[in-house]
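# Structural description and commentary
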Amino acid sequence: MTGKFAVSLLGLVASLAVAVPASATNFTMRNAKTGLCLGVQSANPADGTAVVTWDCDESTNQTWHEGEAFDGTGQYFHIVNHLTSNRCLGLNASSKLTNNFCNNDDSDNHNQGWWGSYIGDLTIPGETDPQHCFVFASYTNPFSQKVITTTADPRGNQPVIADSTFDPNNNKEQVWCLVDAP
């Protein structure tokens, strides 16, 4: 299945036919190096709760979907968590991932905008079939090339925004694969 998700959120050109997960709306974000999933810490629905990497279990705190575009170009989107309605993947003042109230005011939500660059299909830990994998850049400063990156000891830690190496083969802690979720 292809669609707006594959073309817009993931930064693909319209002619590139990349299938998105079968549900096209629900996915987990798994790190290509560790196989761990992004999820809201302790399934806490409070605004500003840390987003951490943990063993994948397909719970609602690890399930995401594409939100609406907000930047006027259709390139930057919210990534919305399923734990509670209207909570988006964002950044705190320390450039760590958090789950925040989705703000649709373009002038005040740059820490919630994401652009994905498709880097290819990879087989990742925990999966037998190749998955569609991306590097996700923050809209906070679209020209800074800061991307979501796991830490050295990723289980239970908050991923951060770090300088991109643009080397997905040797720096898989910056590569996130979208896997179909219920």
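Residues numbered from 1 in each chain as written. Predicted model: local features only at pLDDT ≥ 70, side-chain atom pairs only at ≥ 80, totals over all residues. Heavy atoms only, no water.

## Things to note about the overall build of the protein chain
To keep things clear, this is the line we draw: Secondary structure elements are taken from DSSP: a helix is a run of H or I of four residues or more, a strand is a run of E of two residues or more, and numbering for both begins at the N terminus. For each residue, the accessible area found with a 1.4 Å probe, counting protein chains only, is set against the maximum for its type, and the residue is called buried under 20%, exposed over 50%, and partly exposed in between. When checking whether two residues touch, look at their non-hydrogen atoms; a contact exists if any pair is within 4.5 Å. Note on areas: these come from Shrake-Rupley sampling with a 1.4 Å probe, and a residue is covered only by the protein chains present in the view.
In terms of regular secondary structure, the protein chain is built from one helix and twelve strands. Going from N to C terminus, the protein chain has its helices and strands arranged as α-β-β-β-β-β-β-β-β-β-β-β-β. Counting all 182 residues of the protein chain, 48% fall into the buried class. Long-range pairs, those at least 24 residues apart, make up 55% of the contacts in the protein chain between residues at least 6 apart in sequence. If you sum the accessible surface of the protein chain, you get close to 8100 Å²; carbon and sulfur atoms cover 49% of it.

## Some remarks on the nonpolar core
Inclusion rule: To define a nonpolar core, start from buried Ala, Val, Leu, Ile, Met, Phe, Trp, Tyr and Cys residues and group those joined through side-chain atoms within 4.5 Å.
Counting 17 residues, the largest nonpolar core has M29, W64, W114 and F136 as its most contacted members. Counting only elements with at least two residues in this core, the list comes to β1 (27–31), β2 (37–40), β6 (87–91), β9 (131–138) and β12 (176–180). Formed by ten residues, the second largest nonpolar core is a distinct cluster that contains L122, I124, V175 and C177.

## Examining unusual backbone geometry
Backbone geometry places S42, a non-glycine residue, at a positive phi of 55 degrees. Its place among the elements puts S42 in the loop between β2 and β3 (49–54). Relative accessible area serves as the criterion here: at 70%, S42 is assigned to the exposed category. Phi angles above zero are rare outside glycine, and S95 is one such case at about 60 degrees.

## Thoughts on the state of the cysteines
What counts here: We call a pair of cysteine sulfur atoms a disulfide whenever their separation is within 2.5 Å.
Tallied over the entire structure, the rule returns three disulfides. Through a disulfide, C88 is tied to C102; the S-S separation comes to 1.9 Å. With the S-S bond torsion at 105 degrees, the cross-link from C88 to C102 turns out right-handed. One end of the pair, C88, is in strand β6; the other, C102, is in the loop between β7 (97–101) and β8 (114–122), and 14 residues separate them in sequence. The residues C88 and C102 share a single accessibility class, namely buried. For C133, the disulfide goes to C177, at an S-S distance of 1.9 Å. Judged by the sign of its S-S torsion, about 100 degrees, the cystine formed by C133 and C177 is right-handed. Taken together, the positions of C133 in strand β9 and C177 in strand β12 put the pair 44 residues apart, joining distant regions of the chain. In this pair, the class of C133 matches that of C177, namely buried. Disulfide partners in the protein chain, listed by the sequence order of the bonded cysteines, are 1-2, 3-4, 5-6.

## Considering the pairing of β9
The condition is simple: By definition, two strands form a pair when at least two bridges between them are found by DSSP.
Among the eight residues of β9, eight are classified as buried, and the element is accordingly described as predominantly covered. The two faces of β9 match: Q131, C133, V135 and A137 on one face and H132, F134, F136 and S138 on the other face are all buried. As defined by bridge partners, β8 adjoins β9 across eight bridges and the pair is classed as antiparallel. The residue of β9 that forms the bridge with D121 is H132. Across three bridges, β9 lies against β12 in antiparallel orientation. If you follow F134 over to β12, its bridge partner there is W176.

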